[in-house]
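Below are the chains, spelled out letter by letter.
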Amino acid sequence: MGKIHAVITGVGGYVPEYVLNNDELSRMVDTNDEWIMTRIGVKERRILNEEGLGTGYMARKAAKQLMQKLNYDPNTIDAVIVATSTADYHFPSTASIVLGHLGLKNAFAFDISAACCGFLYTMDLAAAMIESGRYKRIIVIGADKMSSVVDYTERATCPIFGDGAGAVMVEPSEDETLGWKDSKLSTDGKGLPFLCLKAGGSVCPPSYFTIDHKMHYIHQEGRTVFKYAVTAMSDLTAEIAERNGLNKDNLAWVVPHQANVRIIQAVAHRLELPMEKVMLNIQRYGNTSAGTLPLALWDYEKKLKKGDNLILTAFGAGFVSGAAYMTWAYDGDKL
Ligand code: UT7
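Predicted model only: the values in this text are computed from it and were never measured.

**Student:** How should the domain arrangement of the chain be read in this particular structure?
**Tutor:** Where interface size is given, it is often the accessible area lost as the parts come together that is meant. Along its sequence, the chain is carved into domain 1 (5-178) and domain 2 (180-334). If you average the C-alpha positions of domain 1 and of domain 2, the two centres end up 14 Å apart. Each side of the interface is counted separately: domain 1 has 58 residues, and domain 2 has 53 residues. Roughly 4200 Å² is buried in total at the junction of domain 1 and domain 2, and carbon and sulfur atoms are behind 63% of that figure. Per-residue buried area on domain 1 facing domain 2 is highest for Cys116, Leu120 and Leu178; these three make up 16% of the total on that side. Inspection of the domain 1/domain 2 interface yields two salt bridges. A salt bridge links Lys69 to Glu301, with the nearest nitrogen and oxygen atoms 2.5 Å apart. Counting the contacts that link domain 1 with domain 2 gives 23 residue pairs in polar contact (both at pLDDT 80 or more). Mapped by element, the contributors of at least two residues to the side of domain 1 that touches domain 2 are strand S1 (5-14), helix H2 (33-39), strand S3 (44-47), helix H3 (55-70), helix H5 (118-131), strand S6 (138-145) and strand S7 (163-173). Considering every element that reaches the side of domain 1 that touches domain 2, the biggest residue donor is S1, with nine residues.

Shown next as structure tokens:
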């Protein structure tokens with residue numbers, strides 16, 4: 001038997017109904033649509049505002065849509081992996097809760113913590129699992145309820161983030177022209193002081209002090225993160241393109257993490273790629289962390305054609321970064 005290749009065979013997605021637009025945000029903090037659009041590029045974001053619902057709810061909605069699209073027997077799924085930084089609970093894993101709701105009887109489930117690179121890192125892992133020949137169907141989900149960790153009195157961070165989830169099915173293919181082809185993942189351990197959630201973990205458990213000092217919200221030094229993000233995403237994307245002979249002519253799409261439209265434009269510029277070849281939905285959803293890449297694939301699925309060359313790239317807390325090359329395996333408008 002020839003080498004097994006890992007392909008995505010379907011995409012599902014979910015964003016909450018509630019739309020928080022820049023006008024409403026301008027009544028909550030001292031900001032305005034013009035600043036947010038020029039500095040970040042977000043027009044509106046979705047917020048999961050129903051009490052008692054978390055990341056797992058969105059993850060299972062996305063996965064359910066995926067299962068319905070593909071019409072697979074739930075008993076044929078081998079694994080569910082959820083990439084998230086806003087898990088439903090410290091434990092058990094969000095993936096285990098999603099698995100229960102989906103009624104999967106022959107699968108195992110676990111979460112991956114790699115911030116905004118969560119989906120990319122998990123895809124790399126799932127592809128290796130499929131290529132090993134031991135697993136046939138893996139659901140990879142990127143999901144985050146960023147509104148649960150955003151301080152809506154802090155104007156430097158609250159316009160950026162939103163809530164959402166995307167899910168893909170990863171399966172084997174013997175067609176060597178398709179699937180997950182190459183990746184470069186990188187982690188630079190300098191990230192902690194610049195982008196983190198200071199409290200709630202085992203170093204600093206919740207207390208009245210941590211609540212009084214707003215230590216359960218995102219702490220971000222925006223300018224530093226911005227610089228690292230531009231450099232890491234541009235360098236890694238260029239490296240993956242170069243070593244696989246990809247350029248503006250044979251590359252169909254770049255799928256970048258949606259953190260700031262200026263970061264995305266810098267990546268496109270480095271590859272000399274027109275913005276028409278860059279998936280962009282930051283204006284509607286903001287930064288949904290692990291959700292951005294699968295939500296972009298979900299939004300653009302109908303435009304994707306079998307044989308399209310894609311580069312996915314992301315950057316996040318840690319500092320984690322990565323880029324990967326894959327060839328799309330089906331005509332999106334036919335699924
Ligand atoms: O997904 C994880 C990775 N995260 C990222 O990639 C985020 C990377 N960082 C960024 O996207 C940008 O740094 C931000 C969007 C967070 C901030 O943009 P910036 O261009 O770096 O702005 P800044 O922080 O340098 O602030 C510039 C000015 C400041 O005013 P002064 O000191 O120049 O008077 C801020 O107080 O803009 C002010 N400002 C705002 N003004 C209106 C900051 N936030 C706002 C706001 N509305 N919402």
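That covers the picture; the talk isn't over yet.
**Student:** Could you clarify how one ought to interpret the site of the ligand in this entry?
**Tutor:** Close to the ligand lie 22 residues, the nearest being Thr31, Arg39, Arg223, Asn260 and Asn287. The contact in question runs from a nitrogen atom of the ligand to an N or O atom on the side chain of Thr31, over 2.7 Å. Asn260 places a side-chain nitrogen or oxygen 2.7 Å from an oxygen atom of the ligand. Element by element, the count of residues in the shell around the ligand is highest for helix H7 (residues 222-243), at four residues.

**Student:** How do you make sense of the sheet that holds strand S4 (residues 79-83) when you look at a structure like this?
**Tutor:** Whether parallel or antiparallel, the strands of a sheet pair through hydrogen bonds between backbone atoms. Read from one edge to the other, the open sheet built from five strands follows the order S1-S7-S6-S4-S5, with strand pairing classed as mixed. This sheet does not close on itself; its edge strands, each paired only once, are S1 and strand S5 (108-112). Geometrically, the sheet is characterised by an average inter-axis angle of 20 degrees between neighbouring strands, direction not taken into account. Sitting on the sheet, H5 touches S1, S4, S5, S6 and S7, and the angle it makes with S6 is about 170 degrees. Here helix H10 (residues 292-300) sits on the sheet in contact with S1, S6 and S7, set at roughly 85 degrees to S1.

**Student:** How should I be thinking about the pairing of strand S11 (residues 253-256) in this particular structure?
**Tutor:** A regular strand places its side chains so that they alternate between the two faces of the sheet. Side chains of S11 alternate between two faces, with Trp253 and Val255 and Val254 and Pro256 buried alike. For S11 and strand S12 (residues 309-316), the ladder comprises four bridges, and the chain directions are parallel. Bridge pairing in S12 links Val254 to Ile311.

**Student:** For this particular structure, what's the right way to read the sheet that holds S11?
**Tutor:** Strand order in the open sheet formed by four strands is S8-S13-S12-S11, and the pairing between neighbours is mixed. Both edges of this open sheet fall to strand S8 (179-187) and S11, since each of them pairs with a single strand only. Pairs of neighbouring strands in the sheet enclose a mean axial angle of 15 degrees, with direction left out of account. Of the strands in this sheet, S8, S11, S12 and strand S13 (320-327) touch H7, which is tilted by about 155 degrees from S12.

So, how was this worked out
- Residues numbered from 1 in each chain as written.
- Predicted model: local features only at pLDDT ≥ 70, side-chain atom pairs only at ≥ 80, totals over all residues.
- Heavy atoms only, no water.
- Domains from an automatic or database assignment.
- Contact = heavy atoms within 4.5 Å.
- Buried area = accessible area lost by both parts, 1.4 Å probe.
- Salt bridge = Lys/Arg side-chain N within 4 Å of Asp/Glu carboxyl O.
- Polar contact = N/O pair within 3.5 Å; in protein donor to acceptor, adjacent residues only side chain to side chain.
- Helix = DSSP H or I, 4+ residues; strand = E, 2+ residues; numbered from the N terminus.
- Near = heavy atom within 4 Å.
- Pairing = 2+ DSSP bridges.
- Axes fitted to C-alpha atoms, helices over the stretch in contact; angles between N-to-C directions.
- Buried < 20%, exposed > 50% of the residue type's maximum accessible area, 1.4 Å probe, protein only.

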